[in-house]
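Structure assessment
Listed here are the chains, written in short residue letters.
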2 protein chains.
Amino acid sequence: MEIGKNRRRVDAWAKVTGTAKYTADLYPANCLTAKVIRSTIANGRVVSMDVREALKVPGVVKIVTCFDVPDIQFPTPGHPWSVEKSHQDIADRKLLNERVRVYGDDIGAVIAEDELAAEKAARLVRVTYETYEPLLSVEAAMAPEASRIHEEKPGNIVASSGFKIGEGDFDRLKEDGGLIYVSGTYTTQSVQHCHLEVPVSFAYMEAGRIVVVTSTQIPHIVRRVISQALGMDMGKIRVIKPYVGGGFGNKQDVLYEPLNAFLATLVGGRPVKIELSREETLGCTRVRHAITFKLEGLADKEGNLIARRFTGYSNQGGYASHAHAIMANAANIFKQLYQDKGVLESKSYTVYTNIPTGGAMRGYGIPQGDFGTEAFIEDMAWAVGMDPLEFRLKNCMKAGYKDPHLGIACYSYGLKDCMEKGRAYIHWDEKREAYAHQTGPVRRGVGMAIFCYKTGVHPISLETASCRMILNQDGSMQLQMGAAEIGQGADTVFTQMAAESTGISAEKIHIQTFQDTDVSPFDTGAYASRQTYVSGKAIRKTGLLFKSKILAYASEKLHIPGDGMDIRDDAVVDKESGDILLTLGALAEEAFYSLDHSVHITAEATSHCKDNTFATGACFVELEVDIPVGKIKIRDIINVHDSGRLINPKLAEAQVHGGMSMGLGYALGEKLIIDDQGRPRNADLLDYKMPTAMDTPDLHAAFVEIADETGPYGNKALGEPPAIPVAPAVRNALLHATGIHFNALPLDPQTLVERFMKEGLIETEGTAYV
Amino acid sequence: MEIGKNRRRVDAWAKVTGTAKYTADLYPANCLTAKVIRSTIANGRVVSMDVREALKVPGVVKIVTCFDVPDIQFPTPGHPWSVEKSHQDIADRKLLNERVRVYGDDIGAVIAEDELAAEKAARLVRVTYETYEPLLSVEAAMAPEASRIHEEKPGNIVASSGFKIGEGDFDRLKEDGGLIYVSGTYTTQSVQHCHLEVPVSFAYMEAGRIVVVTSTQIPHIVRRVISQALGMDMGKIRVIKPYVGGGFGNKQDVLYEPLNAFLATLVGGRPVKIELSREETLGCTRVRHAITFKLEGLADKEGNLIARRFTGYSNQGGYASHAHAIMANAANIFKQLYQDKGVLESKSYTVYTNIPTGGAMRGYGIPQGDFGTEAFIEDMAWAVGMDPLEFRLKNCMKAGYKDPHLGIACYSYGLKDCMEKGRAYIHWDEKREAYAHQTGPVRRGVGMAIFCYKTGVHPISLETASCRMILNQDGSMQLQMGAAEIGQGADTVFTQMAAESTGISAEKIHIQTFQDTDVSPFDTGAYASRQTYVSGKAIRKTGLLFKSKILAYASEKLHIPGDGMDIRDDAVVDKESGDILLTLGALAEEAFYSLDHSVHITAEATSHCKDNTFATGACFVELEVDIPVGKIKIRDIINVHDSGRLINPKLAEAQVHGGMSMGLGYALGEKLIIDDQGRPRNADLLDYKMPTAMDTPDLHAAFVEIADETGPYGNKALGEPPAIPVAPAVRNALLHATGIHFNALPLDPQTLVERFMKEGLIETEGTAYV
């Protein structure tokens, strides 16, 4: 029984000993270095680039400007291709952009023999611009007089969407009276992913084809986007993904691989690398979208949710990237997590601006949506005068819920159990009571938030995954996945799944962690929380096929019908008695080398996944706030997850810890600060306040394990969920502690102190600094 | 129609531009260097190794001696594993040998940060030996008083074999009188392969497994032998074969990969490389076996071959390597190429000595066997007084011949046509007449030789091959072979074959030239002349499967029965009309991204080949010999080959040219000179007389194209055959020119002059130097 086993990570040895090969470990000896020349304005147009001085720098091989690239616009998000044009991603950028839309936009590149020469030359390129006023907020960009950031998008609206559920009309219900009306505006900030390994790739040509080795979550999609960007056949492009040091969604965008591929073609196919600095990574790659929610709600005195109205504005930044899919996702959790007895009206906008581009990040709009939803629900419970946990239990998504638009359903349901588990853990009822009437400079509070999260992307997008298994001569297996290990532990759970479905022991399963689009099975990659679910189904399907092929060979050799046998612990056994009939080692040796019938047993299968299911959970927080210094201390925190059956509980717990840490950063301090010229001001890890290990409290994780019938091994989403409910739970605990509704993230000391002063909790300015 | 097309090599671009990655191009940045410590005696035992001084050399990381390696003996030849112990290769060496059997034997290794430190340290290791008299010749080694080189082999006989065909008894037929009796001893020398790329590998550990990147012909076999040598599971070993710069059989031995893998385990898995110098390559790797043939024959006055007796002695050198398989092959051509009306008696011995170890080399014993056979047949024709071409036509292998022991048959037969084609080209009849009675210092002659060659190794060994095809999103194909491109053009003909069998154009077939035993289909590798035949069958089988899968998908989409469609020029077409129904690009896009039915179309199949067939051919030479200086000038030379249908005539011609050049080196000057202590004296390319481009005459190739029913595309052996008949043809032309029977190779100036002096063709010693 491999499922549910706390198996040690299959890559632990390699990572601990430093022998795991990441992209930068693989640079060829003669690799050139490319540095991107970045715009020093956020909105405008490059008029000219004078490269004469730059070309004089010794070691410079080539300088390419935005005037030298193919006139092809391409999209960057890591979505599967759609055969329908209307569902294709927005192609709104070129390899290098003459029309500048963000500060640090890619306007040129220097290729040189070394880093120093490349950097020096990049600084010596003289650029003249036509400069436009940067549009930094959604309001500014949507203003009637605003200039267009992309010509083809009037009003700078990338996309908008809306729906209504239920009969009736929100405004009429509001006017009818008798209901409690609550409204608020909730805002989230731009944050960065802060993966350990920066975006890095190198590219070279081989036999008329381009090879790109890159730290990506989506090797097969990178291949396709390079093909689009360069106008080259996909078969002529090969993408290799080595070990990856984290991505969290930033590497679900095809950031610099197309440019890197193009640069390799300019130097006769010689290898060229692009390794972003930490500063470029923070300032010039994708961010979590800053989204503003204008929310209204009506409840009756019994605490029944009657009606809600949702309006969301997502600040897209300069390029579409994942665009409205994020905003739509945020609107979805508002719809899915609670059901209104009356009506729900929803409208969403995604708007181009000149701040750093928003893209995919763990949770994909749901951390924002859950912050809005769960802060608002808390505020409604507050207005109704009801315990917020009770209010949630009364109104939240019920067992059997099915999204009316997408059809995604709760095939397993543990949400209320999660709430009860957290309630008990944190001693909710006692502490809600105990901390109800505090005074003084240091106060405590408990708060909570719940969430739901769909597992894959079906039916919004295609979900497809393939797997290949190869029997080795010693009866061990090579497991080849299209799905990507990016640090999250995928390879370990894939190995366990393959063991479960074949009877080959996990120790004898050798998974290929490198993907190579030339030979790896196809899979769209590491995003959503799809891989254990969608790619897991491919393992299960392939595993059963592989097993049947092995048993067919055993049947031929042993003259026993295949259905009377099984594979257990690396041996073909009698299904009934469990007696060993033939070890897999002996069978494999025979299969390879038999003079009668030699066959190399492999199996390969695609699983087209047409299922999806909701994972749910809750976060409970107890905090202490030092009002004069505006400092929050987390006294206790737990995430309780309903993620179906756990493949590897220890890895699941680690996944939860990582997500909670990310959620705490989001809640308490992280924010990419953009100045009035659209320039990021804290694009480094000193000034960007990501929590360190020293800032992080003990993290607790618990699970409600209910097997999901649609999951290949009873499992459902766990990758992204842990990051979701932390920020609203902290916000709600702070409300409990102080009575103050903070509606904007992050809850950093400056924000708190300013608000406490305004609210009179800090009496004099001086006090705040005692 | 791809078969028969002169397609440009698929690797031409990469090789011409220098972007093709060979093993040494892939060294990791932190790669350590290992140097083998070599014995300075040819026969004896290492008593002690003092490494103290060597360890003091800065940069030395580790020194390992023959006393530190696992006590495991393993075999080195590139043969498929046999499940029957009696058919397994001889395991007669360790990673490092305490018992020294050849000069330069591997007795230790230094691992250092760089080449210089490694070399310096290797020289500082003080070795004391127990020294035995080196046994250099078969006679010395077989002498009753000879010491044993390997304890387990009394008389130093590695193996012997014998057979008799026909009734009667050679001695009785001889004594009966009335028949013409001819006898002679024919000897061949040790020669080296002289591949451009020396043996080179590097190894490292990854997640508890060993990865070896190596220039080999047999990646899957290397994996197995490393597993044997280290006593590790095969699944924990991964072998990668990059581009290879030639092997000619030397890389069909597992030379240093096991040691390299072992060394990587001693330095915590850090990469270590072993790159042999040219001198080590020439002096310390495998050689073509020196074989001595004692031959006797009886013919009647009409020129009918009545009986023959064959005794062969193969000088194996210090280790078994391919051992008696080579000698047995040489005995086979004597049997197969001519049929005796009476009896054939054959006896062969392979004998350990202390000269450099014999291994596989292009032709695998047949160049030696053909020299013996064809010199002897020439001498028989001479004795009978018959034109040697006519004598051959009368007695040679006939259409429909079937080997009585192996069952290998002529499924297609072009031998006599080859002879006639060569006869016409060289103006045989006129020149045999014209050069019959020459005098003077410069004389001309024409000579010829024929050969036959089995294509694969069935039924002697297992013949098995697999192939995988993957449909890309653009309708192009990845072609993954277990078979190895080693410079011979395999990838190009495989591509053509795949195009032929699938309807996908060759331009859209991307073959994987690197083999990676983790994911590449299984195949025993590049040896014999098997790949276009055996691996070609796997392509054909996989191609048809792949095509059927594509048509099944097309059928589903188009609602047309699959058998009414075909694939031509990258499109699904109506079988009858040829009208395009769907391009493969459109079909592939749909198959990948369909929301109805997404499937990644791949096909993989094993072909267990139980066929074999004879290729045949002839070489015709016209030469001029300058008697006083002993110099032969080739005036004209042609090889005519019966190799079935040619996949790529231009590549076939190039293959023939290469083989002829190798044959000329063998005939005219190449010889590894071994001194009385067993030391190679000319192990460098200055002293080892390999012909240069300047030494090489215009080479002509012609073909008799008869499709072979057993070949996947009508093809049969061509890789090795061109090297076979050249040396005897030259020898026979020299006989024609001078009347002197030279029975030992090579025919170098010193040999010729000494013999001419002895025979009185050079009258005084002084004259020779005029």
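What counts as what
- Per chain, the residues get numbers from 1 upward, laid out in the order the sequence is written.
- As they are written, the chains are lettered A onward and the ligands numbered 1 onward, keeping that order.
- Owing to the predicted nature of the model, reporting of local features is limited to residues with pLDDT of at least 70; listing and counting of side-chain atom pairs is limited to 80 or more, with chain, interface and lining totals taken over all residues.
- To obtain the side-chain values, all non-hydrogen atoms of the structure were included, while hydrogens and water were left out.
- Within this document, salt bridges are pairs made up of a side-chain nitrogen of Lys or Arg and a carboxyl oxygen of Asp or Glu, the two lying within 4 Å of each other.
- Each helix is a run of H or I in the DSSP string that is no shorter than four residues. Each strand is a run of E no shorter than two, and both are numbered from the N terminus.
- Only protein chains enter the calculation, and the probe is 1.4 Å; a residue is then buried if its accessible area is under 20% of its type maximum, exposed if over 50%, and partly exposed in between.
- Definition of a polar contact: a pair of N or O atoms within 3.5 Å, with one able to donate and the other able to accept a hydrogen when the atoms are protein atoms, and with sequence-neighbouring residues admitted only if both atoms are side-chain atoms.
- Superposing the copies works by least squares over the C-alpha atoms of residues that have pLDDT at least 70 in both of them.
- Note on definitions: a residue-residue contact is assigned when non-hydrogen atoms from the two residues lie within 4.5 Å.
- Only strands joined by at least two bridges in the DSSP assignment are considered to pair.
- Here an axis means a line fitted to C-alpha atoms, over the contact stretch when the element is a helix, while the angle between two N-to-C directions is reported on a 0 to 180 degree scale.
- Relative orientations are named as follows: roughly parallel for angles under 35 degrees, roughly antiparallel for angles over 145 degrees, roughly perpendicular for angles from 65 to 115 degrees, and oblique for any other angle.
- Whether a crossing is left-handed or right-handed is set by the direction in which the near helix is turned from the far one by less than a right angle, anticlockwise for left-handed and clockwise for right-handed.
- As used here, buried area is the combined drop in accessible area, with a 1.4 Å probe, of two parts when they are placed together.
- Residues are grouped as follows: Ala, Val, Leu, Ile, Met, Phe, Trp, Tyr, Cys and Pro are nonpolar; Asp, Glu, Lys and Arg are charged; every other residue, Gly included, is polar.
- Boundaries of every domain are those given by an automatic assignment or by a domain database.

1. Focus on the pattern of salt bridges
- Evaluated as defined, the whole model comprises 102 salt bridges over all chains.
- A salt bridge links Glu119 of chain B to Lys35 of chain B, with the shortest nitrogen-to-oxygen separation between them at 3.6 Å. Placement of Glu119 of chain B in helix α3 (residues 115-124) and of Lys35 of chain B in strand β1 (residues 32-38) is noted, with a sequence separation of 84 residues between them.
- By relative accessible area, which is 8% here, Lys35 of chain B ends up buried.
- Here Arg681 of chain B and Asp675 of chain B are joined by a salt bridge, their closest N and O atoms 2.9 Å apart.
- On the accessibility criterion, Arg681 of chain B (48% relative accessible area) is partly exposed.
- What makes Asp675 of chain B buried here is its relative accessible area of 16%.
- Members of the salt-bridge network, linked through shared partners, are Lys35, Arg38, Arg93, Asp106, Glu115, Glu119, Lys273 and Glu280 of chain A.

2. Quick word on helix α11 (residues 388-395) of chain B
Residue and element names in this part refer to chain B.
- Burial runs high along α11: six of the eight residues are buried.
- Those residues of α11 lying buried are Pro388, Leu389, Phe391, Arg392, Leu393 and Asn395.
- Its side-chain oxygen at 2.8 Å from the backbone nitrogen of Leu389, Asp387 defines the N-terminal cap of α11.

3. Considerations on the relation of the copies chain A and chain B
- For the pair chain A and chain B, the superposition axis carries a translation of 0.0 Å, the fit reaches an RMSD of 0.0 Å, and the rotation angle comes to 180°. The superposition operator between the copies reduces to a two-fold rotation axis. Identified as the residue of chain A closest to the rotation axis by C-alpha distance is Ala29 of chain A, at 3.5 Å.
- When you check the interface residues of chain A against chain B, 100% turn up at the interface there too, and the contact is symmetric in its surfaces.

4. Looking at the sheet that holds strand β8 (residues 180-187) of chain A
Residues and elements named next belong to chain A.
- Judged by pairing direction, the sheet is mixed, and its five strands sit side by side in the order β7-β15-β14-β13-β8 without closing on themselves. Each edge of the sheet is formed by a strand with only one pairing partner; in this case those strands are β7 (157-165) and β8. Recorded for the sheet is a direction-independent mean angle of 5° between the axes of neighbouring strands.
- Here β8 pairs with strand β13 (residues 290-299) via eight bridges, running antiparallel. The residue bridging Ser183 from the neighbouring strand is Glu296, located in β13.

5. As for the packing of helix α10 (residues 366-384) of chain B against helix α18 (residues 726-738) of chain B
All names here are of chain B.
- Where α10 meets α18, the axes come as close as 8 Å, and the angle between the chain directions of the two elements is 30°. As far as their axial angle goes, α18 and α10 are roughly parallel. Taken as a pair, α10 and α18 cross one another with a handedness that is right-handed. Contacts from Asp370, Phe371, Glu374, Ala375, Glu378, Asp379 and Trp382 of α10 reach α18 at Ala727, Pro728, Arg731, Asn732 and Leu735.

6. Digging into the interface of chain A and chain B
- The interface of chain A with chain B comprises 56 residues on the first partner and 57 residues on the second.
- Surface buried jointly by chain A and chain B totals about 5,000 Å² across both partners, of which 54% is contributed by carbon and sulfur atoms.
- Scanning the region where chain A abuts chain B turns up two salt bridges.
- Residue Glu604 of chain A is joined to Arg468 of chain B by a salt bridge in which the shortest nitrogen-to-oxygen separation is 2.8 Å.
- At the junction of chain A with chain B, the criterion picks out 30 residue pairs in polar contact (both at pLDDT 80 or more).
- Elements with a minimum of two residues in the side of chain A that touches chain B: α1 (12-16), β9 (200-206), α6 (219-230), β17 (464-471), β18 (477-481), α16 (584-593) and β24 (602-608) of chain A.
- With five residues, the top contributor of residues to the side of chain A that touches chain B is β17 of chain A.
- Taken together, the residues of the side of chain A that touches chain B break down into 19 nonpolar, 21 polar and 16 charged.

7. Considerations on the domain arrangement of chain A
Residue and element names in this part refer to chain A.
- Per the domain assignment, the segments making up chain A are domain 1 (12-132 + 193-284), domain 2 (135-192 + 286-397), domain 3 (413-451 + 613-770) and domain 4 (464-608).
- Contacts between the two partners involve nine residues from domain 1, matched on the other side by eleven residues from domain 3.
- Here domain 1 meets domain 3 over a buried area of about 840 Å², counting both sides, of which 78% is carbon and sulfur.
- Considering only the side of domain 1, the residues that lose the most area to domain 3 are Tyr103, Cys194 and Leu282, jointly responsible for 57% of the buried surface there.
- Linking domain 1 to domain 3 there are zero salt bridges.
- Partitioned by chemical class, the residues of the side of domain 1 that touches domain 3 number five nonpolar, two polar and two charged.

8. Points about the pairing of β1 of chain B
All names here are of chain B.
- With seven of its seven residues buried, β1 lies for the most part within the structure.
- With burial as the criterion, each face of β1 is covered, one bearing Leu32, Ala34, Val36 and Arg38 and the other bearing Thr33, Lys35 and Ile37.
- The sheet contact formed by β1 and strand β12 (residues 272-275) spans two bridges and is parallel. Note that in β12 the partner of Thr33 across the bridge is Lys273.
- When β1 meets strand β5 (residues 106-112), the two strands line up antiparallel, connected through six bridges. Bridge assignment links Lys35 to a residue of β5, and that residue is Val110.

9. A short note on the packing of helix α15 (residues 531-558) of chain A against α16 of chain A
Residues and elements named next belong to chain A.
- Two elements in contact, α15 and α16, have axes separated by 11 Å at closest approach and are oriented at 80°. Between α15 and α16, the angle is such that the two are roughly perpendicular. On α16, the residues touching Ile550, Tyr553, Ala554 and Lys557 of α15 are Leu584, Leu587, Glu590 and Ala591.
- Tallied by class, residues from the contact of α15 with α16 come to six nonpolar, no polar and two charged.

10. A few points about unusual backbone geometry
Residue and element names in this part refer to chain A.
- Here the bond from Leu745 into Pro746 is cis, since omega is 0°, no more than 30 degrees from zero.
- For Pro746, the location among the structural elements is in the loop between α18 (726-738) and α19 (749-759).
- The phi dihedral of Ala323 falls on the positive side, at around 50°, and the residue is not glycine.
- Inspection of the secondary structure puts Ala323 in the loop between β14 (305-317) and α9 (324-337).
- The class of Ala323 is buried, set by a relative accessible area of 6%.
- One non-glycine residue, Asp570, adopts positive backbone phi at about 65°.
- When its relative accessible area of 14% is taken as the criterion, Asp570 is described as buried.

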